[in-house]
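Notes for the structure review
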Amino acid sequence: MPPTKQQPSPNPASHLDLFSIPQSLLLQIGTASILLLLLTGKTTVRALEAIGEASEELLRGDRLPNLDFPDEHETNPDENIYTK
């Protein structure tokens, strides 16, 4: 049997358009997107911490209004309440 030579097809099926883009460009795009993701994550964490601290300040006891409670010794004369 004589060996048969196959002619390579002019348009191979394994050729993808993705590999026609230079690898350095793909690396730059990937690096920029990762750095942007990290920066966004850090900014989000800082914003959430600031919101948490602001809500703590809002709900602190020294910021609440003072309520007027009647003294223990001042009682209504119509009521017979005895305090010890």
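Everything numeric here is computed off the predicted structure, so don't read it as measured data. (Residues numbered from 1 in each chain as written. Predicted model: local features only at pLDDT ≥ 70, side-chain atom pairs only at ≥ 80, totals over all residues. Heavy atoms only, no water.)

Take the overall build of the protein next. Per the secondary structure count, the protein includes one helix and zero strands. Within the protein, buried positions represent 0% of all 84 residues. (Helix = DSSP H or I, 4+ residues; strand = E, 2+ residues; numbered from the N terminus. Buried < 20%, exposed > 50% of the residue type's maximum accessible area, 1.4 Å probe, protein only.)

Once that is clear, we can look at a nonpolar patch on the surface. Taken together, the side chains of Ile21, Leu25, Leu26 and Ile29 make up a nonpolar region of the molecular surface, amounting to roughly 320 Å² of accessible area. Mapped onto the elements, Leu26 comes out in helix H1 (residues 23-58). The partly exposed category is assigned to Leu26, whose relative accessible area is 38%. (Patch = residues over 30% accessible without salt bridge, like charges linked within 9 Å, V, L, I, M, F, W, Y side chains within 5 Å. Areas by Shrake-Rupley, 256 points an atom, 1.4 Å probe, with all protein chains shown as cover. Salt bridge = Lys/Arg side-chain N within 4 Å of Asp/Glu carboxyl O.)

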